[in-house]
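Examination of the molecular architecture
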Amino acid sequence: MSDKTPGFDTLAVHAGTEPDPATGARQIPIYQSTSYVFRDADHAARLFNLEEVGFIYSRLTNPTVNALANRVAALEGAAGGIACSSGHAAQIMALFPLMGPDCNVVSSSRLYGGTITQFSHTIRRFGWSATFVDTDDLDAVEAAIDENTRAIFCETIANPGGYVTDLDAMAKIADKAGLPLIVDNTTATPWLCRPIDHGATLVVHSATKYLTGNGTVTGGVVVDSGKFDWSASDKFPSLSQPEPAYHGLTFAALGEMAFTFHATAVGLRDLGMTLNPQAAHYSLMGIETLGLRMERHVANARAVAEWLEKRSGIEAVTYAGLESSPYYERSKAIVPKGAGALFTVALEGGYDACVKLVDSLKLFSHVANLGDTRSLIIHPASTTHRQLEAEQQMRAGAAPNVVRLSIGIEDVDDIIADLDQGLSAAGA
Ligand SMILES: *Cc1c(COP(=O)(O)O)cnc(C)c1O
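Every value quoted in this text rests on a predicted model; they were computed, and no experiment measured them.

What counts, and where the lines are drawn
Residues numbered from 1 in each chain as written. Predicted model: local features only at pLDDT ≥ 70, side-chain atom pairs only at ≥ 80, totals over all residues. Heavy atoms only, no water. Helix = DSSP H or I, 4+ residues; strand = E, 2+ residues; numbered from the N terminus. Buried < 20%, exposed > 50% of the residue type's maximum accessible area, 1.4 Å probe, protein only. Contact = heavy atoms within 4.5 Å. Areas by Shrake-Rupley, 256 points an atom, 1.4 Å probe, with all protein chains shown as cover. Phe/Tyr/Trp six-rings, centres within 6.5 Å; stacked < 30°, edge-to-face > 60°. Lys NZ or Arg CZ within 6 Å of the ring centre and 35° of its normal. Expected span 1.5 Å × (residues − 1). Polar contact = N/O pair within 3.5 Å; in protein donor to acceptor, adjacent residues only side chain to side chain. Core = buried A, V, L, I, M, F, W, Y, C linked by side-chain atoms within 4.5 Å. Near = heavy atom within 4 Å. Nonpolar A, V, L, I, M, F, W, Y, C, P; charged D, E, K, R; others polar. Salt bridge = Lys/Arg side-chain N within 4 Å of Asp/Glu carboxyl O. Pairing = 2+ DSSP bridges.

Secondary structure summary: the protein contains 16 helices and 14 strands in total. The principal-axis extent of the C-alpha atoms belonging to the protein is close to 75 × 55 × 40 Å. Classification of the 428 residues of the protein by burial places 55% in the buried group. Sequence-distant contacts, at least 24 apart, represent 73% of the contacts inside the protein between residues at least 6 apart. Accessible surface computed for the protein: about 17,300 Å², of which carbon and sulfur atoms make up 51%.

Laid out in structure tokens, this is it:
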């Protein structure tokens, strides 16, 4: 290759992998091995001291899993990262080195339903908490930060519907407060947006969605810009001070790899949210075609949203790529190639029409997933957002008369025809 930094699609195919040094295998093998033979006792000691990078035990590192983390890091413009067992695991893994008892994360109120639940209830068992704010109200975001805040969290294109976060404004607030901005980039993917270019420190992914792209894997990734100065305050002792959980090593001394090494040597070691190499292999294969798929996903989503907006029986289409969206201008700055392929539609017929539509579609699958090659539909109020209070449902964009569409890469005429017959069946 030339000296020029490779483009996105080149990195998607090549980054993180090279022909297998042992066999020359062109596709990275699935290293289905738990452990790795040390050359000698000194080599083993050097690996455990992090004086030499290598493989010890697959709960911490595995060549196939590392290749995935390194490929996503390359696509996101990050210094390093880790892959783990799910998107939800990635969120815990991102917070773990930063948080401690009584610490909080200031979080957007517009999030994937499962993340709202994880942040509202489950993280409290660790002594952590989340303060939810409307990220369009920048004063409220600033006001929510207190001396125990350790991170700000948001999604690029918020699930379930049509909301684009002003990442530059969020990064500015985080910078001013000396905090890392964590961005869940699952629904945008690095093809549409690289949050680090907008000032984010950590980027998390559910690799379950567009990265793998075909609904075969549950996986997650966290990548780090490598640019945050963990020693600038006393807020991040796990990184800036000798870490008692790793024989007193000061991870900040590892420079831009401080977070990545902590997340591996302490996070994966002790929390065990490890991805298996078979899953990493599927994700690597999926990412090879990420650019091609996203281009089609976005083109189809725009066409479907435009068609729906004119269809009778439709109250609203919340796709940020529509000129009618309040986030249209912002989407041009944050996701200039398109506003993703996930949006919500509000039906005039209310809750009952939504249920009827979901049951009448033939091409669309009614599933609790998104970012598949196949077109998917779900009614959040009766499923993914069911555990939330009515007020939380509204704030998350999941009112009872709303269905969420994840537009696939099929022929767009077939997608529209299916929606048309389904809406007719639903009385629209
Ligand atoms: C699916 C999803 C998650 C959770 O990921 P899992 O792989 O299901 O654990 C987190 N954030 C967003 C935006 C998602 O779509």
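To describe a pair of aromatic rings, you give the distance between the ring centres and the angle between the ring planes. Overall, the coordinates contain 11 aromatic pairs when judged by the stated rule. With a centroid separation of 5.7 Å and an interplanar angle of 90°, the aromatic rings of Phe 228 and Phe 236 are classed as edge-to-face. Assessed through its relative accessible area of 16%, Phe 228 is described here as buried. An aromatic cluster is built from Phe 228, Trp 230, Phe 236 and Phe 259, whose rings are joined through pairwise contacts. Cation over ring: Lys 337 sits above Phe 8, and NZ or CZ is 6.0 Å from the ring centre.

Attention now goes to helix α3 (residues 63-76). Between its terminal C-alpha atoms α3 stretches 20 Å, which fits the 20 Å expected from 14 residues at 1.5 Å a residue. Most of α3 sits out of view: 11 of its 14 residues are buried. Along α3, the residues that are buried comprise Pro 63, Thr 64, Val 65, Ala 67, Leu 68, Ala 69, Arg 71, Val 72, Ala 73, Leu 75 and Glu 76. Residues of α3 that are buried in the fold lie against α1 (8-14), β1 (80-84), α8 (189-192), β8 (202-206), β9 (220-224) and α11 (277-288). In this structure Asn 62 caps α3, since a side-chain oxygen of it lies 2.9 Å from the backbone nitrogen of Thr 64.

Among the nonpolar cores identified, the biggest contains 125 residues, and Leu 308 and Phe 343 are the most heavily contacted of them. Apart from residues no more than four positions distant in its own chain, Leu 308 is found in contact with Ile 314, Val 317, Phe 343, Val 345, Leu 405, Leu 419 and Leu 423.

This part takes up the side chain of Thr 149. Mapped onto the fold, Thr 149 is located in strand β4 (residues 149-155). At a separation of 2.8 Å, a polar atom in the side chain of Thr 149 contacts the side chain of Asn 104. At 2.9 Å, the side chain of Thr 149 forms a polar contact with the backbone nitrogen of Asp 146. When near neighbours in sequence (up to four residues on either side) are disregarded, Thr 149 contacts Asn 104, Val 106, Ala 144, Leu 179 and Lys 235.

With that settled, consider the site of the ligand. What surrounds the ligand is a group of 15 residues, the closest being Gly 87, Asp 184, Ser 206, Thr 208 and Lys 209. Within the backbone of His 88, an N or O atom sits 2.9 Å from an oxygen atom of the ligand. Between the ligand and Asp 184 there is a distance of 2.7 Å, counted from a nitrogen atom to a side-chain nitrogen or oxygen. Surface burial for the ligand is 93%, taken as the share of its 380 Å² of free accessible area covered by protein chains. Ranked by residues supplied to the shell around the ligand, first place goes to helix α4 (residues 87-95) with 3 residues. Residue composition of the shell around the ligand, by class: 2 nonpolar, 10 polar and 3 charged.

Enumeration over the complete set of coordinates arrives at 12 salt bridges. Between Arg 46 and Glu 51 there is a salt bridge; the shortest N-O distance is 3.5 Å. For the salt bridge of Arg 110 with Asp 134, the shortest nitrogen-to-oxygen distance reads 3.0 Å. With Arg 110 in the loop between β2 (104-108) and α5 (113-120) and Asp 134 in the loop between β3 (129-133) and α6 (138-144), this residue pair connects regions lying 24 residues apart in the sequence.

A large share of β8 lies buried, amounting to 5 of its 5 residues. On β8, burial covers both faces: Leu 202, Val 204 and Ser 206 on one face and Val 203 and His 205 on the other are all buried. The pairing of strand β7 (residues 181-184) with β8 spans 3 bridges and is parallel. Within β8, the residue paired with Ile 182 across the bridge is Leu 202. Of the pairings in the sheet, the one linking β8 to β9 comprises 5 bridges and is antiparallel in character. Of the residues in β9, the one forming a bridge with His 205 is Val 221.

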